[in-house]
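This is what each chain is made of:
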Amino acid sequence: MPKPQGIISAQEAQTLNDNWTNLRAKANEAAAGQPDNRSSWYSLDDMQNFLDYIKEKNDNVNGVRFYLGVETTKEDLKGMTTIFMVPTEEKDGKNIDIEGAEVMDRGLRGDPPPANYPQ
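Just so it is clear, the model here is predicted, and its values are computed rather than measured.

Considering the overall build of the protein chain
Phase 1 of the analysis: Each helix and strand in the protein chain was counted, giving 3 helices and 5 strands.
Phase 2 of the analysis: Helices and strands in the protein chain line up, N terminus first, as α-α-β-α-β-β-β-β.
Phase 3 of the analysis: By its C-alpha atoms, the protein chain is 40 × 40 × 30 Å across when sized along the principal axes.
Phase 4 of the analysis: Per-residue burial for the protein chain yields a buried fraction of 24% across its 119 residues.
Phase 5 of the analysis: Within the protein chain, counting contacts between residues at least 6 apart in sequence, those at least 24 apart form 54% of the total.
Phase 6 of the analysis: Averaging the positions of the 13 positive and the 20 negative side-chain charges in the protein chain gives two centres separated by 5 Å.

A closer look at the sheet that holds strand β2 (residues 61-71)
Phase 1 of the analysis: Read from one edge of the open sheet, 3 strands run β2-β3-β4, paired in antiparallel fashion. At either margin of the open sheet sits one strand with a lone partner, and together these are β2 and β4 (94-97). In this sheet, adjacent strand axes meet at a mean angle of 40° when their direction is disregarded.
Phase 2 of the analysis: Of the strand pairs in this sheet, β2 and strand β3 (residues 80-91) are connected by 10 bridges, and their pairing is antiparallel. Considered in β3, the bridge of Val70 is made with Thr81.
Phase 3 of the analysis: In the packing of helix α3 (residues 44-57) onto the sheet, the strands contacted are β2 and β3, and the crossing angle to β2 comes to about 120°.

Here we look at the packing of aromatic side chains
Phase 1 of the analysis: Tallied over the full model, the rule gives 1 aromatic pair.
Phase 2 of the analysis: Seen in terms of ring centroids, Tyr67 and Phe84 are 5.3 Å apart; in terms of plane orientation they differ by 15°. Their pairing is stacked. Pair noted here: Tyr67 is in strand β2 and Phe84 is in strand β3, with a separation of 17 residues, a long-range link.
Phase 3 of the analysis: For Tyr67, a relative accessible area of 30% corresponds to the partly exposed category.
Phase 4 of the analysis: Assessed through its relative accessible area of 26%, Phe84 is described here as partly exposed.

Definitions and limits used
Residues numbered from 1 in each chain as written. Predicted model: local features only at pLDDT ≥ 70, side-chain atom pairs only at ≥ 80, totals over all residues. Heavy atoms only, no water. Helix = DSSP H or I, 4+ residues; strand = E, 2+ residues; numbered from the N terminus. Buried < 20%, exposed > 50% of the residue type's maximum accessible area, 1.4 Å probe, protein only. Contact = heavy atoms within 4.5 Å. Lys, Arg positive; Asp, Glu negative; His and termini not counted. Charge placed at Lys NZ, Arg CZ, Asp CG, Glu CD. Pairing = 2+ DSSP bridges. Axes fitted to C-alpha atoms, helices over the stretch in contact; angles between N-to-C directions. Phe/Tyr/Trp six-rings, centres within 6.5 Å; stacked < 30°, edge-to-face > 60°.

Below, the structure written as structure tokens:
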């Protein structure tokens, strides 16, 4: 099996995490009014099922774009950060979101939510 494009080392991941902590954590926590969620977890089965599902539903799917979002509740109007995944397709040489396609969210939060990499 070929190595996927974009693979980075654990040290590079640690650097990305540290950069986020140093450059974004305070602003996110201020906006959320609490320590914000730092990660989302999805099972391999759910990820594979999502990939299979979007391939079945969208003939031209070529990838997945990850977005940051904020999931709010009646009790927590400021919410916590989440990650959702949107299928994409190529149009005019660009990878664009497939409008109206179903997306995936509802990953499990970090444990605890503000935990750093690695958990």
